[in-house]
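Read off the chains here:
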Amino acid sequence: MLTSFVSGNYWILSKESFAKHFGGSYASFISDPTKVVFADALAASTLFVPSDKLTLFPLVPITVETAFDSAPFFFVPAGPGFGASRLPAGVREEWVPADQFPPEKEFKGRIEMPTSWLGIRSPEYKAAEKMKAAILGALALTPMPRLRYSFSGRKMFGGRATITDGITMSFGDPHTPPMMNNIALTERDQPWLTILAKKLTSETKVIQRQLRALEYYYRAWPLSEPERFPIMCMTLDAVFGDANHATQAVIDGVRATIGGHVEDARLRALMELRAAVIHGGAPDVYDSRKYARYYDAYGADPILDLDLVVGQCLRHHVFGEAMIEHPDPNAAKIAALQASGKLPKQLSAPSILDEIESDEEPIALIDVEESPSI
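Because the structure is predicted, anything quoted here is derived from the model rather than measured.

Next up on the list: the pairing of strand β6 (residues 158-163). Among the six residues in β6, six count as buried, and that is most of the element. On β6, burial covers both faces: G158, R160 and T162 on one face and G159, A161 and I163 on the other are all buried. Across three bridges, the pairing between strand β1 (residues 53-59) and β6 is antiparallel. Counted as the bridge partner of L56 is A161 from β6. Of the pairings in the sheet, the one linking β6 to strand β7 (residues 167-172) comprises six bridges and is antiparallel in character.

Turning to its location among the elements, F171 is positioned in strand β7. For the pair F171 and R110, spaced 61 residues apart in the sequence, the C-alpha separation amounts to 9.5 Å. Setting aside chain neighbours within four positions, we find F171 in contact with F101, P102, R110, E112, G158 and G159.

For the rest of this paragraph, the subject is the side chain of K199. Here K199 lies in helix α6 (residues 190-199). Nearest to the buried, unbridged K199 among oppositely charged side chains is E321, at 13 Å. With residues near it in sequence (within four places) discarded, K199 still touches I207, Q210, L211 and V318.

A few words on the layout of surface pockets. Each pocket or cavity is described by its volume, and for the largest pocket that value is around 900 Å³. Surrounding the largest pocket, 32 residues form its lining, P145, R146, L308, S348 and S351 being those nearest its centre. Those elements giving two or more residues to the lining of the largest pocket turn out to be α5 (145-148), α8 (225-240), α11 (289-298), α12 (302-319) and α13 (331-339). The leading source of residues in the lining of the largest pocket is α12, at seven residues. Class assignment of the residues belonging to the lining of the largest pocket gives a composition of 13 nonpolar, seven polar and 12 charged. Taken as a whole, the second largest pocket holds about 290 Å³ of empty space. A127, M131, L200, Q208 and L211 are the residues nearest the centre of the second largest pocket, which is lined by 14 residues in total. Elements with a minimum of two residues in the lining of the second largest pocket: β5 (116-122), α4 (125-139) and α7 (205-220). Residues that form the lining of the second largest pocket fall into these classes: seven nonpolar, three polar and four charged.

The next thing to look at is the pairing of strand β4 (residues 73-77). The element β4 is largely enclosed, with a buried count of four among its five residues. Of the pairings in the sheet, the one linking strand β3 (residues 68-69) to β4 comprises two bridges and is antiparallel in character. Its bridge partner being in β4, F68 is matched across the sheet by F75. Remark: three residues form the turn of the hairpin made by β3 and β4, two consecutive strands paired antiparallel. When β4 meets β5, the two strands line up antiparallel, connected through five bridges.

Here the structure, examined in full by the defined rule, presents 15 salt bridges. For R92, the salt bridge identified is with E94, shortest N-O distance 2.5 Å. Owing to a relative accessible area of 40%, E94 belongs among the partly exposed residues under this scheme. Residue K132 is joined to E129 by a salt bridge in which the shortest nitrogen-to-oxygen separation is 3.2 Å. Placement of the pair is K132 and E129 together in helix α4, with a separation of three residues, close to one helical turn. The class of K132 is buried, set by a relative accessible area of 7%. For E129, a relative accessible area of 28% corresponds to the partly exposed category. Each of R110, E112 and K155 takes part in one network of salt bridges that share partners.

Rules used throughout
- Residues numbered from 1 in each chain as written.
- Predicted model: local features only at pLDDT ≥ 70, side-chain atom pairs only at ≥ 80, totals over all residues.
- Heavy atoms only, no water.
- Buried < 20%, exposed > 50% of the residue type's maximum accessible area, 1.4 Å probe, protein only.
- Helix = DSSP H or I, 4+ residues; strand = E, 2+ residues; numbered from the N terminus.
- Pairing = 2+ DSSP bridges.
- Contact = heavy atoms within 4.5 Å.
- Lys, Arg positive; Asp, Glu negative; His and termini not counted.
- Salt bridge = Lys/Arg side-chain N within 4 Å of Asp/Glu carboxyl O.
- 1 Å grid on protein atoms, 1.4 Å probe; cavity = no way out; pocket = protein on both sides within 12 Å on 5 of 7 lines; lining within 4 Å.
- Points joined across faces, edges and corners; volume = space filled by probe spheres on them.
- Nonpolar A, V, L, I, M, F, W, Y, C, P; charged D, E, K, R; others polar.

Geometric descriptors of this kind do not, in isolation, establish any biological role.
Next up, the structure:
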């Protein structure tokens, strides 16, 4: 971009430099008045006043019942058109069909049918990819935990289409896992989407850390449980981590965010397992002796407990009370099966997030061999 700018604006410098031989840089040869004119042109260029491009990401297991619009991004259902207001100036709605991917009317190659679209406005599509990760990471927080990782064998596809003067497109990996149940965006999701839109345009350090945490969460979403565990640890570190007192900072951050009722000993044991995995004591979480000890002590899988902690922390820390977990789409069927005695009344055991009174002594899970230090 810099090379193109200098080439396109060389006329400003040419009166003092064309066909002339001089040593050193232009800075020592060009006069100050000419530098001012050149600097003014640079300040008005796309390097400092970038023009946004629209990048469209096709989504398969996301149903948009209520469209969402904001300056940085929008969610819309697949249909005949995107709406003229959502497209760049000069792009006619009939040129960009919203019921197919790629969204180009005259495209003759492979055609796929999305369920909905995520549209992101950004000067470069690579920046749009990062924004997509934060947005879909936040979206992953909305299903209840046992549905978040319930995947099916449905056909998936991915890719992008970036629209400026023309359209560039490519197929790629799916943007979400193949969810067993579609995630439905409705009116109830408008508040947290509005908060996220504001955060995406903020440059404050605290909010940037929150967005990085959402990116980590998105990266962990399609992974298996043992692969997901270290990424979840990084997610917590992104929000609460402290270079000098990492473990204690995370514990303090978690308890301050989701409540002091979270059992300190249990949370500390979970963070000890995190330390073993992150700092080289256990390449696989199942390799750590702390994994089995945690399971024996609390009767719960620490991987699932960490997922509950991370999800709750992100919802409250990033969105306050604006994000409401989506209801179970199978609730009516489950209730009927429970009423007939075919399912137990209580489907899940108490979790790390529940308020549990215990008279037991805290269980020490420290293992020197798995706590390497510098």
